[in-house]
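A closer look at the structure
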Amino acid sequence: MATIAVPRTGSAFRPAVLDWLTTVDHKKLGILYLYFTMFFFAVGGILALLVRTQLAVADSTFVSNDAYNQIFTMHASAMLFLFIIPIWAAFGNYIVPLQIGAVDMAFPRINALSFWLLPPAGILMFSGFFFGGSADAGWTAYSPLARNTGTGMDLWIIAVILLGISSTIGAANFLVTMFRMRAPGMTMFRMPVFCWNVLVTSILQLLATPVLAAALCMLYIDRNFGGSFFDPNGGGNVILWQNVFWFYSHPAVYIMILPGMGIVSEILPVFARKPLFGYKAFVFATLGIGGLGFSVWAHHMFTTGAVLKPFFGFMTFMIGVPTGVKIFNWLATLWRGSITFEPPMLFALGFVSMFLIGGINGTYSAAVPVDFAIHDTYFVVAHIHYVLFGGSVFAVFGGLYYWFPKFFGRRLNDKLGVTQFVLMIVGFNLAFFPMHLLGLDGMPRRIATYNEADWEALNMASTIGAFLIGVSMIPFLIAVVAAFMRPKDQPDDPWEGNTLEWATTSPPPVHNFDSLPEIHSERPLFDQRHGIGGHGVHPATGEGRG
Amino acid sequence: MAAHGAVQHRQGLSNGMLGFILFVASEVMFFGGLFAAYFIARADAPSWPPTELLTEEQLAAGVELHLEWVLPTIATVLLVLSSVTIQIGVMQIQRGNRTALMWWLFVSIVLGLIFLAMQMYDYAQLPFRADDTIFGTTFYTLTGFHGAHVAGGVIFMLVVLVRSAGGQFDAGNHEAVEACSFYWHFVDVVWLALFTTLYIVGPRS
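First, a word on scope: everything that follows refers to the structure included in this document. Because the structure is a prediction, the values reported are computed rather than measured.

Contact with chain A, which involves 42 residues of that partner, is made by 33 residues of chain B. For the chain A and chain B pair, buried surface summed over both sides reaches about 3,000 Å², with 71% attributable to carbon and sulfur atoms. Linking chain A to chain B there are 0 salt bridges. Counting the contacts that link chain A with chain B gives 4 residue pairs in polar contact (both at pLDDT 80 or more). Elements with a contribution of two residues or more to the side of chain A that touches chain B: α7 (152-180), α8 (193-224) and α9 (238-272) of chain A. The greatest single-element share of the side of chain A that touches chain B, amounting to 10 residues, is contributed by α8(A). Residue composition of the side of chain A that touches chain B, grouped by class: 27 nonpolar, 11 polar and 4 charged.

Another aspect to go through is a nonpolar patch on the surface. On the surface, a nonpolar cluster with roughly 450 Å² of combined accessible area is contributed by Trp103(B), Phe106(B), Val107(B), Val110(B) and Ile114(B). With respect to the helices and strands, Phe106(B) occurs in helix α5 (residues 98-125).

Taken N-terminus to C-terminus, the directions of α8(A) and helix α6 (residues 133-165) of chain B make an angle of 125 degrees; their axes are 12 Å apart at the nearest point. Viewed along their axes, α8(A) and α6(B) adopt a mutual orientation that is oblique. Here the hand of the crossing between α8(A) and α6(B) comes out right-handed. Contacts between α8(A) and α6(B) involve Cys217(A), Ile221(A) and Asp222(A) from the former and Thr137(B), Thr141(B) and Phe145(B) from the latter. Considering only residue class, the contact of α8(A) with α6(B) consists of 3 nonpolar, 2 polar and 1 charged.

Residues and elements named next belong to chain A. Per the counting criterion, the structure on display carries 79 aromatic pairs over all chains. Each ring, one from Trp330 and one from Phe351, has its centre 5.6 Å from the other, and the planes form 85 degrees; the classification is edge-to-face. Of this pair, Trp330 sits in helix α11 (residues 309-334) while Phe351 is found in helix α12 (residues 343-366), placing the two residues 21 residues apart along the sequence. Trp330 sits in the buried class, given a relative accessible area of 0%. Residue Phe351 is classed as buried on the basis of its relative accessible area, which comes to 0%. With a centroid separation of 5.5 Å and 20 degrees between ring planes, the pair formed by Phe389 and Phe428 is classed as stacked. Within this pair, whereas Phe389 is found in helix α14 (residues 378-408), its partner Phe428 is found in helix α15 (residues 414-440), the two being separated by 39 residues in sequence. Residue Phe389 is classed as buried on the basis of its relative accessible area, which comes to 10%. For the cation-ring pair, Lys280 lies above Phe189, with the distance from its terminal atom to the ring centre recorded as 5.2 Å. Here the basic side chain of Arg523 rests over the ring of Phe526, its NZ or CZ set 3.7 Å away from the ring centre.

The rules behind these values
Residues numbered from 1 in each chain as written. Chains lettered and ligands numbered in written order. Predicted model: local features only at pLDDT ≥ 70, side-chain atom pairs only at ≥ 80, totals over all residues. Heavy atoms only, no water. Contact = heavy atoms within 4.5 Å. Buried area = accessible area lost by both parts, 1.4 Å probe. Salt bridge = Lys/Arg side-chain N within 4 Å of Asp/Glu carboxyl O. Polar contact = N/O pair within 3.5 Å; in protein donor to acceptor, adjacent residues only side chain to side chain. Helix = DSSP H or I, 4+ residues; strand = E, 2+ residues; numbered from the N terminus. Nonpolar A, V, L, I, M, F, W, Y, C, P; charged D, E, K, R; others polar. Patch = residues over 30% accessible without salt bridge, like charges linked within 9 Å, V, L, I, M, F, W, Y side chains within 5 Å. Areas by Shrake-Rupley, 256 points an atom, 1.4 Å probe, with all protein chains shown as cover. Axes fitted to C-alpha atoms, helices over the stretch in contact; angles between N-to-C directions. Parallel < 35°, antiparallel > 145°, perpendicular 65-115°, else oblique. Left-handed = near helix turned anticlockwise from the far one by under 90°. Phe/Tyr/Trp six-rings, centres within 6.5 Å; stacked < 30°, edge-to-face > 60°. Buried < 20%, exposed > 50% of the residue type's maximum accessible area, 1.4 Å probe, protein only. Lys NZ or Arg CZ within 6 Å of the ring centre and 35° of its normal.

Okay, structure coming up:
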């Protein structure tokens, strides 16, 4: 298979920059994804701080109403479309081929295309600021507002379509990679749980994202060619937008969380020194979330009165079941483990606890009467941030601390990691817990200012928390810079991992593996370390027959 | 490292074909979204075509909400025929006959281009535009996106034709031809669904 000639980095004819620009290596593309998404995480974070500065006090005039609408819209758009969704492609790109023992993704050039669609999309989306204002209808872009707002909206639509294409072809690539490129012995039910989560995420992306593309095309036609899709005067229907939008965007919240669950499920067994409890139950729970994910979209639309509330309420409660299964998987994995608290483990534990809160306050909202009371209040903002920040972002940092030695051959400083974790989890809860109370008290989301003096204390607490999250990035940046100032000193397997990415050097060579261990279970490295396997049956789980 | 190479020699679908089928699945969902919009608009309207939605200005400008069916019917027959011709081309290359493949590709391309020309003529003579009620919007959006896919299919066939002319493809190696015909059949099936929906199911009072 070593027939692909690999150009030497930094040769006279091929400078390193050109090498990065033209690379089709899944590891380099993963790193490019990582830099791109972390950049937009910073941009989205700065916008979030602007939002919180505006809301810190009542009757604030820090930014104008118009500017505020643009800021919160672009905060959400950057965080969701340019950070969370593509950063899973960063981890997926780097880790999935390594974990299944492949040399690369199935389609390396399509992989490069997936990445290179992102920078133009990011530029387009933010270029609205130079053309009379960016998109300002919220990331949900509801009509009629989105039909009538300025040019920034058109740029936003095209950017999101580009991102959708990137994510759709990326998903097809991941699926073929995992279906067809697994090393001998790596059966589907020996694939690491992270891969399974990327697999289900990819199915959701493949089938849901095109529906968003269709919705965005309709919105674009309405705005530019006099279409009537979302205009009742011409026989259209504004609720149609909500249906097609959430048909994508509800599966999309699982797209945004499942790979994070996968990362946590890789970290917990390593630092609790136990196998993941109930591997198969976990895989089936992931598939269950993927399947049910397509049948709950209208719980965002209860108050429209245009959806079958009992059905969507019931299905939303149902999706709590596989999610609950996963929580118990994680807890049982920790039970009586020899736990150590390195930074990856801290962030993983942060994920489990914060995501649990996000799951519970989400299940409240599934009850139709409760939903009517809290719809479009800050309670919903609290919920989304507990699952997407308390969930996904904690998993991102867990994954960064865990795989940084593999990515770069260097380790992030443990003390700085602990400092970041403490600042982040305190700041996070200070920022978002008060939003539950504000929401129950009736504070609507997406308002530029308020004049209720009662809301000031909680909003100020929230703002202080948001800035604390900002401060928590300083130890992280110091750790990254410090790591890069040191030589590459990391062994193949610094954490005593279970999965194949730890069987190669840190960072891996271009062809990934010089040799692969035999694979008899979902923990080939554990087996190798303890001399298990080679006789077919895994002694602990009984798996791996034949 | 021979182990990694092993995956390349598996039986059944190739990686490329599996990836292509997944891509077409995503296309199905795209059209699914557009069809959903059409059916919701149709169910919402008091009648279909929703003539009562036309404004005074639109009536004065001579806007009428009805479709011509003769030309699209002929176009439908030609498009179905082109699915047959490209499939014959695939069968020919399976037997290693590259010259026959090129001829059948050429015929399919011509049929595809005739379909596009007829669609453009149809657009030019229809008495309504995309901004004339949801009827016009859905009609031009659905048939327009389908037309764009026909154009994409024609380009795909042209690429395959050029590659055949350059001496590529033989009995054992013609993945791109299979993918191209698969895509063309998909475009054909979408049109049959569209034709049924727009012309055969047609009006409702």
